[in-house]
Amino acid sequence: MALSVSSSRRRSALSAALMMTLGTTRIAYVALLFLLLLAAAANITHTLLTHRTRSLSSALYETTAADTTTTALASSTVAAAVDEEKPQSPLLHVHIVVVSSGNFINNYAAQTASMRAYAHNHGYNFTFLDPHRDVPVCTRRYPTDFFFQKQCAVGVFLRSLPPRQALMTLDGDVVADSPDVPMDKWLRDDDDIVLYERDWSYELAAGGTIVRNTNFGHEFFDHWQNYYLHRPRGFSSADNGAIHLAVNQLLGLPMEECVSMYHNLVASVDNLKPFYEFLACTRRQLGPPRRWPLHFLKTGQQGSFVWWPRYHGSMFDSFMVERRPGGPIPFYHGEKAKSVKEILDIYGFEFRLEGSSEWTQDESVVKQCAEVP
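Residues numbered from 1 in each chain as written. Predicted model: local features only at pLDDT ≥ 70, side-chain atom pairs only at ≥ 80, totals over all residues. Heavy atoms only, no water.

## Details of the environment of Leu-294
- If you trace the backbone, Leu-294 turns up in strand S7 (residues 291-296).
- A C-alpha to C-alpha distance of 8.4 Å links Leu-294 and Leu-250, two positions 44 residues apart in sequence.
- Residues in contact with Leu-294, not counting those within four places in the same chain, are Phe-216, Leu-250, Leu-251, Gln-301, Gln-302, Gly-303, Ser-304 and Phe-305. (Helix = DSSP H or I, 4+ residues; strand = E, 2+ residues; numbered from the N terminus. Contact = heavy atoms within 4.5 Å.)

Structure (structure tokens):
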């Protein structure tokens, strides 16, 4: 059955159809323009984030798709969108600080010589600190715990540096086993605080911390040292347990449950279950390795804290791998061999004094390289 309409109704129908067509076209144009703007914005954002994060993301070692920890670090780096206007510090303004005391100074001469040679090879500053000799105020403030004396001494030294210069703290039992690997990977993003996850547990390692001379660096060390007064009766791993609370405090994370667990550590080192339960509490708050933005409310200053996943920090524990020079990570930690000869036998290190062409394993030369008194 054919339908017909009068000419006036037809004109009205055509007019309505035309208006509808024009309206639809206008909407289509607006939608297209909106999509083009979105695409342009996405491209600009991608370019900015790629420029900002290339240095850290490209520095990650090659991993499989199943390496979710590394993926978490890379993705959170992009998401953090760190302030583009923060000035970059020259990579050579680095201070390697080794802290040791007592008999360990002589026992660890080969380790110290390797670290001093590493710093010399890369143009880094090298400082050896004995809290008892160099910063006695720290031994008076923390008389019963060398590890808190160490963090106190490093905090004092940090404040003596020019603004934003970085220091890396190393224990006396660290060996620089990869002398050709610089610290660029862990310094180039100018983070205020850089930590790493221990390779055989989920602890944040207290050794190998990288901190810049900023308000955030000062606040971090102040929080950390204050836990000396709150140490529990049981095993808490000294500064290594306290660093987890100091980090949570710096980041403003919920702490009540974890602090309660810390205060209630009464078991000895023979029963580590309570201590690891405490660590698990702090890790639940921290989440996976990533970069955290920092804000200093008093001044409006912006900063950043990053912690690297296991096997991606600048150091790992020596008992986890075959001891040998070389590799992408510069430092072995926990090398507690009791003599210079043992270290030289394990690593095959040779040393020579400046001005001399003779490479040697002579213990007197090693001690001169370490500048052991």
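## Concerning the packing of aromatic side chains
- Summed over the entire model, instances satisfying the criterion amount to 19 aromatic pairs.
- Relative to Tyr-332, the ring of Phe-316 lies with its centre 4.9 Å away and its plane at 65°, an arrangement referred to as edge-to-face. In this pair, Phe-316 sits in strand S9 (residues 315-317) while Tyr-332 sits in strand S10 (residues 331-333), placing the two residues 16 residues apart along the sequence. Here Phe-316 and Tyr-332 have matching classes, each one buried.
- The structure contains a cluster of three or more aromatic residues connected by ring pairs, namely Tyr-227, Phe-235, Tyr-262, Phe-275, Tyr-276 and Phe-278.
- A cation over an aromatic ring shows up here: Arg-231 above the ring of Tyr-228, its NZ or CZ 3.9 Å from the ring centre. (Phe/Tyr/Trp six-rings, centres within 6.5 Å; stacked < 30°, edge-to-face > 60°. Buried < 20%, exposed > 50% of the residue type's maximum accessible area, 1.4 Å probe, protein only. Lys NZ or Arg CZ within 6 Å of the ring centre and 35° of its normal.)

## Considering the side chain of Gln-149
- Mapping Gln-149 onto the fold places it in helix H7 (residues 146-159).
- Residue Gln-149 is classed as buried on the basis of its relative accessible area, which comes to 3%.
- Within the local environment of Gln-149, its side chain forms a polar contact with the side chain of His-132, the two groups lying 3.5 Å apart.
- Those residues in contact with Gln-149, other than ones at most four positions away along the chain, are Pro-131, His-132, Cys-138, Thr-139, Tyr-142, Pro-143 and Thr-144. (Polar contact = N/O pair within 3.5 Å; in protein donor to acceptor, adjacent residues only side chain to side chain.)

## Some details on the nonpolar core
- Counting residues in each nonpolar core, the largest one holds 47 residues, and the members touching the most others are Leu-195, Phe-220, Trp-224, Val-247, Leu-251 and Phe-305.
- For this core, the leading source of residues is helix H10 (residues 238-251), giving eight residues.
- When sequence neighbours within four positions are dropped, the list of residues in contact with Leu-195 reads Leu-204, Thr-209, Phe-220, Ile-243, Val-247, Phe-305, Val-306, Trp-307 and Trp-308.
- Membership of the second largest hydrophobic core comes to 26 residues, among which are Ile-96, Ala-119, Ala-176 and Tyr-196. (Core = buried A, V, L, I, M, F, W, Y, C linked by side-chain atoms within 4.5 Å.)

## Here's the deal with the pairing of strand S1 (residues 94-99)
- Counting buried residues along S1, six of its six residues qualify, which places the element largely inside the surrounding structure.
- Pairing of S1 with strand S3 (residues 166-171) involves six bridges; the strand directions are parallel. Counterpart to Val-97 in the pairing with S3 is Thr-169.
- Strand direction decides the pairing type here: S1 and strand S2 (residues 125-129), joined by five bridges, are parallel. (Pairing = 2+ DSSP bridges.)

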